[in-house]
Amino acid sequence: MTRDFTAETFDAVAFGVAVADAEARFVAANRAAARILRLPGPEALHGQDIGGSWTVLREDGSPMPREEWPIVRTLATGRPCHDVVLGVAFPGGEVAWLLVTTEPIAPGPDGRPTRVVLSFEDITSRQRAVAALRASERRYSGLVNSLDGIVWEADARTMRFTWVSPQAERFLGYPVRDWLDGPTFWQDHIHPDDRERAVAYCLECTARGEDHDFEYRMIAADGRVVWLRDLVTLARDEGGAPLLRGVMFDVTTRRRAEDALRASEELLERMGRVAGVGGWELDLAGMTLRWTAQTYRIHEVPDHFVPTVEQAIAFYAPEARPLIEAAVQACIAEATPYDLELPFDTATGRRLWVRAVGQAQVEDGRPVRLFGAFQDITDRKLAELEMRRSREQFMLAVQGSRDGIWDWDLRDDSLFFSARWKEMIGYAEAELQPSMRTFREHLHPDDRDRVLGELRRYLRGELDTYSTEFRFRHKDGSYVWIHSRGEALRDARGVPYRMAGSHTDITERKRAEAERARLQEELLQAQKMESIGRLAGGVAHDFNNMLSVILGHADLALETVPPGTPVHDDLREIRAAAVRSAGLTRQLLGFSRRQPIEPRVLDLNDTVGGMLKLLRRLIGEEIELAWLPGPGLWPIAIDPAQVDQILANLLVNARDAIDGVGQVRIETANVHRTAADLAGEAGLAPGPHVMLAVHDTGSGMGPEVLEHLFEPFFTTKGVGRGTGLGLANVYGIVRQHGGAVTVASKVSPA
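Residues numbered from 1 in each chain as written. Predicted model: local features only at pLDDT ≥ 70, side-chain atom pairs only at ≥ 80, totals over all residues. Heavy atoms only, no water.

J.: Quick question: what am I supposed to make of the overall build of the chain here?
T.: Of the regular secondary structure elements, the chain holds 23 helices and 26 strands. The buried share of the chain, reckoned over its 750 residues, is 38%. Residue pairs at least 24 apart in sequence account for 52% of intrachain contacts in the chain once pairs closer than 6 positions are excluded. Just so you have it, the chain exposes about 43,000 Å², and 54% of that area is on carbon and sulfur atoms. (Helix = DSSP H or I, 4+ residues; strand = E, 2+ residues; numbered from the N terminus. Buried < 20%, exposed > 50% of the residue type's maximum accessible area, 1.4 Å probe, protein only. Contact = heavy atoms within 4.5 Å. Areas by Shrake-Rupley, 256 points an atom, 1.4 Å probe, with all protein chains shown as cover.)

Here it is, written out as structure tokens:
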């Protein structure tokens, strides 16, 4: 009874229920499962793998791998899967979309499930509705994006945009995020002359609950003024809050055309009063044409000549007649005005250029009369042709020059940069907007005030010529050296109104000059140190000979004078002073590289490590000594005693530079130096080297100290605190062993 009741309940469930074994094969199912899977009955599912007869699909329609099937995932992880959307593609091509949930049951000895209960319902209709909604949204989005206007939505209470279409950035150049983030973005970017009117009108219409349509100007991101027509409707969101929705159309071209037409009409009105401009009138009822006296003079015909329309058109050059005929016919048929500049032959055969302007007088919706102006513009046309030829010649010269050309109109502050000018600093023709701001921003900060000052002084007449050199920022962030030359044109009062010139890239020349200066400085420094070394070596050698005599006689005298007598004590002081002096001569000989050395191959890490205890006592307890040995250090050939002397001198120097608590760090490393790395280290060959570095946290040294750092007897310490031979000795030892010494330091702020 219970089993029958359970089976009946199982089959009565409206959604599909099935049980799968550990191999993901169905072992039981209800009628709903069979119906959903297009099978005649539950028994048809027994023993089937869901992937055996059907193709399982992901929600995006792609095939779902077996390891992603909810049954397989639950068997593998022991965890249920809830509300998984998947598709089942039947052999005939039909697809059913299912919402699937799986639960693990019957755990085995290893705790993993041996059965999975699968429940699912057919959501095909819902999926189709979702797909239709998405398609509708795509169509709406496509319509919005294809619309040549800015579609927008805003809060009616605050006028803040809540959504704008992507065209906003194309129309005005501001990213969509700027429109949405700025509480008063719309108000802030309306042209100042239109702002009060436009905002007030929109607020009034909104307060009255009226849709509205108005035009105003906005300032684009690049400074352009854009005329917009804004069609605004009132709406409410889901919560009932008032919204404004609208579309902005760019009507700049139309407004400009209207402005041009208005100006043209005003010009036509004045032309009758301006000498040299002829007029004409055509009565369409009788096709009667009348000319003014000036029009007769331009045609070079007698004033009793009565022209027809055909005769008037015949005066135009053959290639211009189709244009004037079409313009007149359009004006007669549709009242379309025209304004043409065309070649023209007078009655005497002279070739002129004329401007022909015509418009219609309309009554009851149709043209009844044409009238217009007629002007000889030959001189202007010839001037334009000459100007065009001159400009073409100029552009050819610019393109053929390796210099960059610039031309500055001081009256309207407009600038022209040639393609080569832009190319020098890495920009394509259309990438850089010519302006004085661009010029100023690309000047090196250290050169900007000087260069702009020279330019102002030249324009004021305080300098006879403008020629200067400066660093100019490249597109990649580096700087190139530029030689700029220019000359200004001045009016009768001496006021400059135009300035033009060239830019020459002198980067390579500057690099060569800097390299020559560096090499010259290195040569002078090497010569100076060599001279000092020779002098110190010679003095030390002679002084050492004299000290040997003093020490010998002092020793002999001490043997003959009884100890404890004043003379014996004096002799001991003489001998001690001579010994100290001998130490100084050894240091001088070390600097001059004349001291005998006994180099042997050693591991610098072992040598330095063996000195650490002594070095810590040398610098005191308040100063921390850090030792950073480099791994796998290459062996070097050096006198071990000289290593001790180098480290002792460097650490004493570091100790004296530290005021109180500080740190000294010794480190070694294998380094490989290229020729470029060794640009400032004369005498050192490129290749593998072993580095010994000593860092301290002392007060640092300025350039005036660094310049004399290794000279004998140079010291910044007080009287009695140093001989000035420690670093000179380090320099001599390192150079004697074929190495180099470099120093990096700066004065610490107080």
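J.: In this structure, what is going on with the sheet that holds strand β26 (residues 687-696)? I would like to understand it.
T.: Within a sheet, adjacent strands bond to each other through the backbone by hydrogen bonds, running parallel or antiparallel. Strand order in this open sheet of three strands is β23-β25-β26, and the pairing throughout is mixed. Unpaired on one side and paired on the other, β23 (623-628) and β26 mark the two borders of the sheet. Here the strands of the sheet are splayed against their neighbours by 15 degrees on average, with no regard to which way each runs. For β23 and strand β25 (residues 662-673), the ladder comprises six bridges, and the chain directions are parallel. Its bridge partner being in β25, Trp-627 is matched across the sheet by Ile-666. The sheet contacts of helix α20 (residues 604-619) involve β23, β25 and β26, and relative to β23 the element is tilted by about 175 degrees. Across the face of the sheet, helix α21 (residues 640-657) comes into contact with β23, β25 and β26 while running at roughly 35 degrees to β26. (Pairing = 2+ DSSP bridges. Axes fitted to C-alpha atoms, helices over the stretch in contact; angles between N-to-C directions.)

J.: Would you mind showing me how to read the sheet that holds strand β17 (residues 404-409) here?
T.: The five strands lie next to each other as β18-β17-β21-β20-β19, forming an open sheet whose pairing is antiparallel. Each edge of the open sheet carries a strand with a single partner, namely β18 (414-417) and β19 (466-473). Pairs of neighbouring strands in the sheet enclose a mean axial angle of 25 degrees, with direction left out of account.

J.: What exactly am I supposed to notice about the pattern of salt bridges here?
T.: Any two side chains of opposite charge can pair, given that their charged atoms come close. Tallied over the entire structure, the rule returns 45 salt bridges. The salt bridge partner of Asp-339 is Arg-355, with a shortest N-O separation of 2.4 Å. Of this pair, Asp-339 sits in strand β14 (residues 338-345) while Arg-355 is found in strand β15 (residues 351-363), placing the two residues 16 residues apart along the sequence. Where Arg-493 meets Asp-491, a salt bridge forms, and the shortest distance between an N and an O atom there is 3.3 Å. Exposure remark for Arg-493: the relative accessible area of 71% places this residue in the exposed category. Asp-491 gets classed as partly exposed once you look at its relative accessible area, which sits at 28%. (Salt bridge = Lys/Arg side-chain N within 4 Å of Asp/Glu carboxyl O.)

J.: I keep staring at the packing of α20 against α21 and nothing clicks. Help me out?
T.: Relative placement of two packed helices is described by the angle separating their axes and the distance separating the axes. Packing of α20 against α21 leaves a shortest axis separation of 10 Å and a crossing angle of 40 degrees. As far as their axial angle goes, α21 and α20 are oblique. Here α20 and α21 pass one another in a crossing that is right-handed. In this structure, α20 uses Leu-604, Thr-607, Val-608, Met-611, Leu-615, Leu-618 and Ile-619 to contact α21, whose residues at the interface are Val-643, Asp-644, Leu-647, Ala-648, Leu-651, Val-652 and Arg-655. (Parallel < 35°, antiparallel > 145°, perpendicular 65-115°, else oblique. Left-handed = near helix turned anticlockwise from the far one by under 90°.)

J.: What is the right way to read the state of the cysteines from this model?
T.: Note: disulfide means a covalent bond formed between the sulfur atoms of two cysteine side chains. As enumerated under the stated definition, the model contains zero disulfides in all. Counting only cysteine sulfurs, Cys-205 is the nearest neighbor of Cys-202, a cysteine outside any disulfide, at a range of 7.1 Å. (Disulfide = S-S within 2.5 Å.)

J.: Just to check I follow, could you spell out helix α9 (residues 192-207) for this structure?
T.: Note that an α-helix has 3.6 residues per turn; residues three or four places apart therefore point the same way. Between its terminal C-alpha atoms α9 stretches 23 Å, which fits the 22 Å expected from 16 residues at 1.5 Å a residue. Here α9 has its buried residues at Asp-194, Ala-198, Val-199, Cys-202, Cys-205 and Thr-206. When α9 is viewed along its axis, its buried side chains cluster within an angular range of 135 degrees and face the same direction. Away from its buried face by more than 90 degrees, α9 exposes Glu-196 and Ala-207. Against the buried residues of α9 lie α8 (185-189), β9 (212-219), β10 (225-236) and β11 (242-250). Residue Gly-209 follows α9 closely and has a positive phi angle near 75 degrees. (Expected span 1.5 Å × (residues − 1). Arc of directions from axis to C-beta.)

J.: Teacher, can you tell me more about unusual backbone geometry here?
T.: Residue Asp-83 is not a glycine yet carries a positive backbone phi of 55 degrees. Along the polypeptide, Asp-83 turns up in strand β4 (residues 81-89). Classification of Asp-83 as exposed rests on a relative accessible area of 53%. If you check the backbone angles, Asp-413 has positive phi at about 60 degrees while not being a glycine. Within the secondary structure layout, Asp-413 lies in the loop between β17 and β18. In this structure Asp-413 comes out as partly exposed when scored by relative accessible area, which is 43%.

J.: Explain the environment of Val-232 to me, please; I cannot follow it from the model alone.
T.: As for its placement among the helices and strands, Val-232 is situated in strand β10. Once you skip the residues sitting within four places of it in the chain, Val-232 turns out to touch Trp-152, Asp-211, His-212, Phe-214, Leu-244, Arg-245 and Gly-246.

J.: So what exactly am I meant to see when it comes to the packing of aromatic side chains here?
T.: By convention here, two paired aromatic rings are described through the distance between centres and the angle between planes. Under the defined criterion, the tally for this structure stands at 20 aromatic pairs. A centroid spacing of 5.3 Å and a plane angle of 55 degrees characterise the contact between Tyr-201 and Phe-214, whose relative ring orientation is tilted. You can see Tyr-201 sitting in helix α9 and its partner Phe-214 sitting in strand β9, a full 13 residues away along the chain. Residue Tyr-201 is classed as partly exposed on the basis of its relative accessible area, which comes to 32%. Residue Phe-214 is classed as buried on the basis of its relative accessible area, which comes to 7%. Between Phe-315 and Phe-344, the ring centres sit 5.9 Å apart and the planes meet at 15 degrees, which makes this aromatic pair stacked. Taken as a pair, Phe-315 in the loop between α12 (309-314) and α13 (321-334) and Phe-344 in strand β14 lie far apart in primary sequence, 29 residues in all. Across this residue pair, the class does not change: Phe-315 and Phe-344 are buried. Three or more aromatic residues joined by ring pairs make a cluster, and in this case those are Trp-291, Tyr-296, Phe-305, Phe-315, Tyr-316, Phe-344 and Phe-374. Residue placement shows Arg-490 over the ring face of Tyr-458; its charged tip is 5.5 Å from the ring centre. Directly above the ring of Trp-481 sits Lys-510, whose terminal nitrogen or CZ lies 4.5 Å from the centroid. (Phe/Tyr/Trp six-rings, centres within 6.5 Å; stacked < 30°, edge-to-face > 60°. Lys NZ or Arg CZ within 6 Å of the ring centre and 35° of its normal.)

J.: How do you make sense of the pairing of strand β13 (residues 288-291) when you look at a structure like this?
T.: On a regular strand, one side chain projects to one face of the sheet and the next to the other, so that they alternate. Where burial is concerned, the two faces of β13 differ: the one with Leu-289 and Trp-291 is buried and the one with Thr-288 and Arg-290 is not. Taken together, the four bridges between strand β12 (residues 277-283) and β13 define a ladder with antiparallel strand orientation. Its bridge partner lying in β13, Glu-281 is registered against Arg-290.

J.: What am I meant to see in α13 here?
T.: Over its 14 residues, α13 runs 20 Å from end to end, which matches the ideal 20 Å to within 8%, given 1.5 Å per residue. Regarding α13, the residues found buried are Ile-324, Ala-327, Val-328 and Cys-331. Relative to the axis of α13, the buried residues are bounded by an arc of 95 degrees and lie together on one face. Facing away from the buried side of α13 by over 90 degrees, the exposed positions are Gln-329, Ala-333 and Glu-334. Taken together, the buried residues of α13 touch α12, β14, β15 and β16 (366-376). Positive backbone phi, at 60 degrees, marks Ala-335, one or two positions downstream of α13.

J.: Where do I start with the pairing of strand β8 (residues 161-164) in this structure?
T.: Where strand β7 (residues 150-155) meets β8, three bridges bridge the pair, whose relative direction is antiparallel. Of the residues in β8, the one forming a bridge with Glu-153 is Trp-163. Here β7 folds back onto β8 in antiparallel fashion, the turn holding five residues, of which Met-159 has a positive phi close to 65 degrees.

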